[in-house]
Amino acid sequence: MLTWLVARASWAQATSKAQVVVAQNGSGDFQTIQAAINSLATAGGPLPVVFVKNGIYHEKVTVDGMPGLVLRGQSERGVVITISQSNAGFRCDPANATRWDVATLNLRNSPDVTLEKLTVVNSYGADHPQGETIACPGAPNGQKTVASADHQMALYTAANTTRLRVQHCTFRTLGNDTVSPWDKETGMYYFKDCTLEGSVDFYCPRGWAYAENCRFICHNLNAAIWHDGSANWEAKTVLKNCTFSGDAGFKLGRYHHEAQFYLLNCRFARTMADADIYPAPSGDSAPRWGRRVYYYNCHRQGGDYSWLRNNLDTADQAPTPEQITANWTFGGHWNVDPNAPPLPAPPPSK
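In this text, all values refer to a predicted model and were calculated from it rather than measured experimentally.

What counts and how
Residues numbered from 1 in each chain as written. Predicted model: local features only at pLDDT ≥ 70, side-chain atom pairs only at ≥ 80, totals over all residues. Heavy atoms only, no water. Disulfide = S-S within 2.5 Å. Helix = DSSP H or I, 4+ residues; strand = E, 2+ residues; numbered from the N terminus. Buried < 20%, exposed > 50% of the residue type's maximum accessible area, 1.4 Å probe, protein only. Core = buried A, V, L, I, M, F, W, Y, C linked by side-chain atoms within 4.5 Å. Contact = heavy atoms within 4.5 Å. Pairing = 2+ DSSP bridges. Phe/Tyr/Trp six-rings, centres within 6.5 Å; stacked < 30°, edge-to-face > 60°. Lys NZ or Arg CZ within 6 Å of the ring centre and 35° of its normal.

A. Representation of the state of the cysteines. Counted by the stated rule, this structure contains one disulfide. A disulfide bridge connects Cys 92 with Cys 136, and the sulfur atoms are separated by 2.0 Å. Looking down the S-S bond of the Cys 92 and Cys 136 bridge, the torsion is -90 degrees, so its handedness is left-handed. In this pair, Cys 92 sits in helix α3 (residues 87-92) while Cys 136 sits in the loop between β9 (132-135) and β10 (143-146), placing the two residues 44 residues apart along the sequence. One exposure class covers both Cys 92 and Cys 136, and it is buried. The cysteine Cys 204 is free of any disulfide, with Cys 218 supplying the nearest cysteine sulfur at 12 Å. We classify Cys 204 as buried; its relative accessible area is 1%.

Here it is, written out as structure tokens:
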């Protein structure tokens, strides 16, 4: 009974504030981010902002059933959330067979979350530059070899985590699928003024995604960006005023399923390969909606490749560059940008 009363008192104290503070030195309400999140109410009324003071937080952070959560750092470079975990290694442990929290920062059942001024790192690739061989029950000989660039997520979002707003954040790995917002049915994701770094398909949204003024750093020769729009003909990924750099010969992007890419006013390093966004050989063999990759005013340092030519006029309804805003991307389902013309909500599906 006493334990319940203490927990109830902590919950009431946390939810009565407009902000709870995380500080490693004990000067805040909590010393870990996860403890602060666990203290919040899961129903009724707005959640307090979780404000994280500068520090390196060696912890996996899981947000489940926290609609409207705001996780805000003191500064983008100063707040670092980091773990070292490969996906393959994580799954080798039978205790993790049904777990969904595969990344450094994990979100589920939490629409309308805002992430601000954070650096989120999965350091597995940096910690194991040659990969490793690990014990793995069920694998041949009870061992598994894990590559340095194995899937290692920094950010992963599961079902019902739509309308995610991310600003002034850095996501970094040296492996695949660094940023994985993966609700292809209803997922809508907004990234602004962010840095994203990783290996194959390290920015791989499903559903609707908009990235503006973001920096992409690619450490592989296959593809930096990826999209899955197979659940809805209108789903798309838009990248506007973004820059791309990476290893010599890195390719811009690819897709395994139905996809729709719009790149506007983007700039590419001379190290980018002469390879247009392409269907992956292991992907769906016959897309229903055809190839949908569109460029406007995109240029490569050292000279443009022929496929970077403007072709917005070939897209459905031939949108102008001025029309392609964040609100346009989400088609009226989410008017995320108050400075852009709002769009009327679409009629309900029949």
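B. Spotlight on the nonpolar core. Counting 62 residues, the largest nonpolar core has Phe 191, Tyr 203, Phe 216, Ile 225, Phe 244 and Leu 263 as the members making the most contacts within it. Looking at this core element by element, the count peaks at four residues for strand β12 (residues 164-172). With near-sequence residues (within four places) excluded, Tyr 203 lies in contact with Val 179, Phe 191, Leu 196, Ala 209, Tyr 210, Ala 211, Phe 216, Ala 224, Ile 225, Trp 226, Thr 237 and Leu 239. Residues Met 188, Trp 208, Leu 312 and Ile 324 belong to the second largest nonpolar core, which totals 16 residues.

C. View of the pairing of strand β5 (residues 70-73). As paired strands, strand β2 (residues 49-52) and β5 are joined by three bridges and run parallel to one another. Bridge pairing links Val 52 to Gly 73 in β5. The pairing of β5 with strand β8 (residues 114-122) spans three bridges and is parallel. Its bridge partner lying in β8, Arg 72 is registered against Glu 116.

D. Examining the packing of aromatic side chains more closely. One pass over the full model with this rule turns up 14 aromatic pairs. Measuring from ring centre to ring centre gives 5.2 Å for Phe 244 and Phe 268, while their planes differ by 35 degrees; the resulting arrangement is tilted. Separated by 24 residues along the polypeptide, Phe 244 in strand β20 (residues 243-246) and Phe 268 in strand β23 (residues 267-268) bring together distant segments of the chain. Here Phe 268 falls in the buried class, since its relative accessible area comes to 3%. Of the aromatic side chains, those joined through ring pairs into one cluster are Phe 171, Phe 191, Phe 202, Tyr 203, Phe 216, Phe 244 and Phe 268. Sitting above the plane of the Trp 182 ring, Arg 206 keeps its charged end 4.2 Å from the centroid.

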